[in-house]
Amino acid sequence: MVSDMNSKLYLMIGATIIFLLLISSAGFVNAENTTILPGIVYNVTENIFKEIGPVLPAIVQPGSVIQLTLAQGYSGLSITRAFLVSAKLVNNNLVYLNYTLEVEQAGVDQYSFTVPSGVEDGLYDLVVESNTATYHVKRSIWVVSQWPSELKIAVMTDLHFITGTPDTLTGDVNRVSAFTLAGLLNPDLIFWLGDITDQASPGEYYAAQTYRYSLLYKYPILGIPGNHDAPDSSYRKYLGPSYWYRILGDKLLVVGLFTAEGGTPSWEQIVFLEEVLSNYNYIPYKAILVHHPMFYYQGELYTWYNDTETLKPYSQGVQTPVSSYWSNNMTAFRYVLKLIEDYNITFVLSGHVHRDFFVKYNSIRTNTTTLFMTFTTTAHGTASYDAIGFFKFNFATGEISFPVKPPTFIGFQNSSTPLALNSIPIGIYPPTNNLGWSNKTYFLVKLAQSNNAYTVSLGNNLEWLNISGELFWILPWNGSSFNYVINTGNPSVLEINAYMRNSLLYLSLRLAVNYGDNIGLTIFNAPDTEPPDIVVGSYTPRPPYLNRTFTLYLRGTDSEWGIKSVSFVLTDGANTTSLEYTQTPSTYTQKLNNITYTLQFTIVSATTKSVLLNTTVTDYYGRTRIKVFNITFVPYGAQAPANPILVVSDVVIEPESPTTTITTTTMETETQTASTTTTPTTTTMTTTPPLITTEPPPPQEEADYTLIGLAIVVLIVAVAVIYVFFLKK
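This structure is a prediction, so every number in the text was calculated from the model and none was measured.

### A look at the overall build of the chain
Here's step 1: Helix and strand counts for the chain stand at 8 helices and 39 strands.
Here's step 2: Within the chain, buried positions represent 55% of all 729 residues.
Here's step 3: Look at the contacts in the chain between residues 6 or more apart in sequence, and 72% of them connect residues 24 or more apart.
Here's step 4: Of the roughly 30400 Å² that the chain leaves accessible, carbon and sulfur atoms contribute 52%.

### Quick word on the sheet that holds strand 34 (residues 582-584)
Here's step 1: One open sheet accounts for 4 strands, arranged 30-31-35-34; its pairing is antiparallel. Strands at the two margins of the open sheet, each flanked by one partner only, are strand 30 (533-540) and strand 34. Each strand of the sheet is rotated relative to its neighbour by a mean of 25°, with strand direction disregarded.
Here's step 2: With 7 bridges connecting them, strand 30 and strand 31 (residues 549-557) associate as antiparallel partners.

### Some thoughts on the pairing of strand 15 (residues 347-350)
Here's step 1: Side chains Phe347 and Leu349 project from strand 15 onto one buried face, and the interleaved Val348 and Ser350 project onto a second face that is buried too.
Here's step 2: Of the pairings in the sheet, the one linking strand 15 to strand 17 (residues 369-374) comprises 4 bridges and is parallel in character. Looking at strand 17, one finds that serine 350 is bridged to threonine 374.

### What to know about the packing of helix 5 (residues 267-279) against helix 7 (residues 330-342)
In helix packing, the relevant descriptors are the interaxial angle and the interaxial distance, both defined with respect to the helix axes.
Here's step 1: With their axes 11 Å apart at the nearest point, helix 5 and helix 7 run at an angle of 10° to one another. Looking at the two axes, helix 5 sits roughly parallel to helix 7. Every residue of helix 7 that contacts helix 5 at Trp267, Ile270, Leu273, Glu274 and Leu277 is listed here: Thr331, Ala332, Tyr335, Val336 and Leu339.

### What about unusual backbone geometry?
Here's step 1: Here phenylalanine 161 and isoleucine 162 are connected by a cis peptide whose omega angle stands at -10°.
Here's step 2: By the secondary structure assignment, isoleucine 162 is in the loop between strand 8 (150-156) and helix 2 (168-185).
Here's step 3: Proline 231 follows alanine 230 through a cis peptide bond whose omega is -5°.
Here's step 4: With respect to the helices and strands, the residue proline 231 is situated in the loop between strand 10 (221-223) and helix 4 (233-238).

### What to know about the nonpolar core
Here's step 1: Ranked by internal contacts, the top residues of the largest apolar core, which has 66 residues, are Met156, Phe179, Leu181, Trp192, Phe443, Phe482 and Leu507.
Here's step 2: Among the elements that take part in this core, helix 2 stands out by supplying 7 residues, more than any other.
Here's step 3: Ranked by size, the runner-up nonpolar core spans 35 residues in total, among them Ile428, Leu570, Val617 and Tyr620.

### Some details on the pairing of strand 37 (residues 624-633)
Here's step 1: Judged by how many residues are buried, strand 37 sits mostly within the fold: 9 of 10 residues are covered.
Here's step 2: Relative to strand 37, strand 36 (residues 609-619) runs antiparallel, the two sharing 10 bridges. Looking at the pairing, valine 611 lines up with isoleucine 631 of strand 37.
Here's step 3: Taken together, strand 36 and the strand that follows it, strand 37, pair antiparallel across an intervening segment of 4 residues, in which glycine 622 is found at a positive phi of about 115°.

### Observations regarding the pattern of salt bridges
Here's step 1: A complete count under the given rule lists 19 salt bridges for this structure.
Here's step 2: Taking the shortest distance from any N to any O, the salt bridge between glutamate 341 and arginine 365 comes out at 2.9 Å. Here glutamate 341, found in helix 7, pairs with arginine 365, found in the loop between strand 16 (357-363) and strand 17; they are 24 residues apart in sequence, far enough to count as distant.
Here's step 3: Judged by relative accessible area, which is 2%, glutamate 341 ranks as buried.
Here's step 4: Close ionic contact of glutamate 495 with arginine 510 constitutes a salt bridge, the shortest N to O distance being 3.5 Å. Taken together, the positions of glutamate 495 in strand 27 (residues 493-501) and arginine 510 in strand 28 (residues 504-513) put the pair 15 residues apart, joining distant regions of the chain.
Here's step 5: It is possible to trace a salt-bridge network through shared partners that takes in Lys218, Glu470, Glu495 and Arg510.

### Points about the sheet that holds strand 15
Here's step 1: Taking strand neighbours across the sheet as the criterion, the 7 strands line up as 11-12-13-15-17-16-14 in an open arrangement whose pairing is mixed. On the outer flanks of this sheet lie strand 11 (244-248) and strand 14 (299-303), each paired with one strand and no other. Ignoring which end each strand starts from, the neighbouring axes of this sheet average 20° apart.
Here's step 2: Its contacts with the sheet put helix 5 on strand 11, strand 12 (252-256) and strand 13 (285-289), and the angle it makes with strand 12 is roughly 170°.

### Remarks on the confidence of the model for the chain
Here's step 1: This prediction gives the chain a mean pLDDT of 88; 85% of its residues lie at or above 70.
Here's step 2: Counting interchain partners and residues more than four positions distant, the pLDDT-below-50 stretch residues 665-708 has 92 contacts.

### Some points on helix 7
At 3.6 residues per turn, the α-helix brings residues three or four places apart onto the same side.
Here's step 1: Under the 1.5 Å per step criterion, the end-to-end length of helix 7 is 18 Å for 13 residues, consistent within 8% with the ideal 18 Å.
Here's step 2: Considered for burial, the residues of helix 7 that qualify are Met330, Ala332, Phe333, Arg334, Val336, Leu337, Leu339, Ile340 and Glu341.
Here's step 3: Packed against the buried residues of helix 7 are helix 5, strand 13, helix 6 (324-327), strand 15, strand 16 and strand 17.
Here's step 4: Positive backbone phi, approximately 50°, marks asparagine 344, located one or two places after helix 7.

### Focus: the side chain of threonine 378
Here's step 1: Mapped onto the elements of the fold, threonine 378 is located in the loop between strand 17 and strand 18 (387-394).
Here's step 2: A polar atom in the side chain of threonine 378 sits 3.1 Å from the backbone oxygen of alanine 387.
Here's step 3: Those residues in contact with threonine 378 that lie beyond four places of it in its chain are Met156, Thr157, Asp158, Leu159, Asn174, Ala178, Asp386, Ala387, Ile388 and Ile426.

### Observations regarding a nonpolar patch on the surface
Here's step 1: A cluster of nonpolar side chains, contributed by Leu612, Leu646 and Val648, occupies part of the molecular surface with about 240 Å² of accessible area.
Here's step 2: Among the secondary structure elements, leucine 646 is positioned in strand 38 (residues 645-653).
Here's step 3: We classify leucine 646 as partly exposed; its relative accessible area is 42%.

### Details of the packing of aromatic side chains
Here's step 1: By the definition in use, this model includes 50 aromatic pairs.
Here's step 2: Both rings, one in phenylalanine 347 and one in phenylalanine 391, keep their centres 5.7 Å apart while their planes meet at 80°; by these two values the pair is edge-to-face. You can see phenylalanine 347 sitting in strand 15 and its partner phenylalanine 391 sitting in strand 18, a full 44 residues away along the chain.
Here's step 3: Residue classification places phenylalanine 391 among the buried residues on the basis of a relative accessible area of 0%.
Here's step 4: Between the aromatic rings of phenylalanine 482 and tyrosine 484, the centroid separation amounts to 5.7 Å while the plane-to-plane angle is 40°, which identifies the pairing as tilted. Here phenylalanine 482 matches tyrosine 484 in class, with each residue buried.
Here's step 5: Through pairs of rings, three or more aromatic residues link up here, namely Trp142, Trp147, Tyr285, Phe347, Phe358, Phe375, Phe391, Phe393, Phe395, Phe402, Phe409 and Phe412.
Here's step 6: Positioned above the aromatic ring of tyrosine 213 is the side chain of lysine 138, whose terminal nitrogen or guanidinium carbon lies 5.0 Å from the ring centre.

### Some words on the environment of tryptophan 142
Here's step 1: Checked against the element boundaries, tryptophan 142 lands in strand 7 (residues 134-143).
Here's step 2: In this structure tryptophan 142 comes out as buried when scored by relative accessible area, which is 7%.
Here's step 3: Between the alpha carbons of tryptophan 142 and leucine 56 there is a distance of 9.3 Å; along the sequence they are 86 residues apart.
Here's step 4: Apart from the residues within four sequence positions on either side, tryptophan 142 is in contact with Pro57, Ala58, Ile59, Val60, Gly122, Leu123, Trp147, Asp188, Leu189 and Pro220.

Thresholds applied
Residues numbered from 1 in each chain as written. Predicted model: local features only at pLDDT ≥ 70, side-chain atom pairs only at ≥ 80, totals over all residues. Heavy atoms only, no water. Helix = DSSP H or I, 4+ residues; strand = E, 2+ residues; numbered from the N terminus. Buried < 20%, exposed > 50% of the residue type's maximum accessible area, 1.4 Å probe, protein only. Contact = heavy atoms within 4.5 Å. Areas by Shrake-Rupley, 256 points an atom, 1.4 Å probe, with all protein chains shown as cover. Pairing = 2+ DSSP bridges. Axes fitted to C-alpha atoms, helices over the stretch in contact; angles between N-to-C directions. Parallel < 35°, antiparallel > 145°, perpendicular 65-115°, else oblique. Core = buried A, V, L, I, M, F, W, Y, C linked by side-chain atoms within 4.5 Å. Salt bridge = Lys/Arg side-chain N within 4 Å of Asp/Glu carboxyl O. pLDDT = per-residue confidence, 0-100. Expected span 1.5 Å × (residues − 1). Polar contact = N/O pair within 3.5 Å; in protein donor to acceptor, adjacent residues only side chain to side chain. Patch = residues over 30% accessible without salt bridge, like charges linked within 9 Å, V, L, I, M, F, W, Y side chains within 5 Å. Phe/Tyr/Trp six-rings, centres within 6.5 Å; stacked < 30°, edge-to-face > 60°. Lys NZ or Arg CZ within 6 Å of the ring centre and 35° of its normal.

If you want it as structure tokens, here you go:
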């Protein structure tokens, strides 16, 4: 009996120890990963309402009521509470705004939300709660009590997440360059004119939504899909409705239409357009956004919608200003153009063709003038350069002006070719364009992300542009500290403030950037202490054969701030060749801690031959590793050495000290909230509803849970062994 009691006691003690080990091991694994940054493509949310989304906010006044309808997939959802939340900087202090909305069910799947009368102007996230979950519709409510006399508008089109020309990395650079320049221009509104994605894949929409949130947080975006976004189901799920209308300040009516592969809107949308124009004919100024341009022309036109001589459908050899896209449906073309004339549309904006051309359309039937502005791509192959548009709209007169013009700007002047250079160039464009230019650098911003850092490099190569302003970025964050280092550069002004809240870093960068200025900035939550490395992953054929294509896969690793650059040089006797390569991941939207490089080359010889492969890899801290591999090639069928690839040299070079190093540590504390003295419905931070994600974390986080799972399995096996042991006793 005593023996049995002792056995049970030992069993209980052993089980308790193992249980404590289980908890501590899981806590250890979690503690090890608390400083791993999630990356920007994180916390993706779905639109639960049909009428709004991150690129189509509802425009409301304080005290007004918003009517919203639940989207497909959320039918029957019972909403109990709703909030407007946002953040801004006031006198270098982060103010977190949180307003409670009155909620009332207005019908089947329809809800009315009353905005508090004292809500501050600005762009908000709509957060709603049911009895079981919380839903977050980002940047979806735009509160405006007083409009400016002039509206500053930035234009982006054909963003093509996640691709670019000649490669995805270039596209990533140009998208971030566009977002950054737009932030410094500080528009009141941004238009997105379609082809936001390239293949309409979920991953591309994840990137579009999260980069929009992180880098364009302050700015309302009114967007439409393009043919690359078709079918538009994912566009509606992650960005917003496909076609819509909005009224700005009771002065400007904007209608957005969706043209898919056919190039023209459906008749359902044309009916919608006519109804909206008729219902709001009293609005003095009107605009249409449509991805495919109606005209492929640069300059002025004096004609009318049914002019069959001037406005002929396009075909090979036919001289006409009508674009080939709308030529496929001339009935729709003439019907929409008649509406444009009848309702005196002020301007029509388009993209798609990856080039600028502006048309001043003068109707000889109605004596009205409409400006058709087609903008080049922001981040893909182009006839000129990647760019953003920027203009002002005067609410009092309806006039359009261009406050920032490149030297090549011609506006609406006639040109012998349908190609203008009116937009503001951004980023880089390596290929040769239609003008014979190549390897051009304009306003360049790179944003790389890794396990422990976001690294930004900015350079202004536009001689005619000196610009200053504030960037307000929201970066997913982990850890209790924020640090930064200025690596290089000579900005005229650089002031950095940052605040942490709810696993987000609210980052303010005040900049004055003149021609020739550049800066490198690393924002990190843990130091970089180890150099990068590069090792052989695999290769084919095995062994390396002469006179055959040899494919080598190298693995580059840097667990902290990530890999910045690599180069590969092959030495074959007296011949030295720089090798081209491909890499995976091949995008800045993913972390650059682990990269696979693929190289291909052929060694020609009749007898066994050794060559040297010099690899140079540099991380974002500035450490460089130079590793030399000796690779032995043999004739086909010959005996190869046991290890045909050997490391013959391995050198690590530490960086020189950065030009300026500033480190700021900010502990996560409660920040200010909106005043409750004048707005009783404003909530405090303690009642802020949790923000949830409807998507799993990015794949790179999965390894953390694998470690926890492995620990649990090992401990369960240990418990079973002890249990069996004591049973035998």
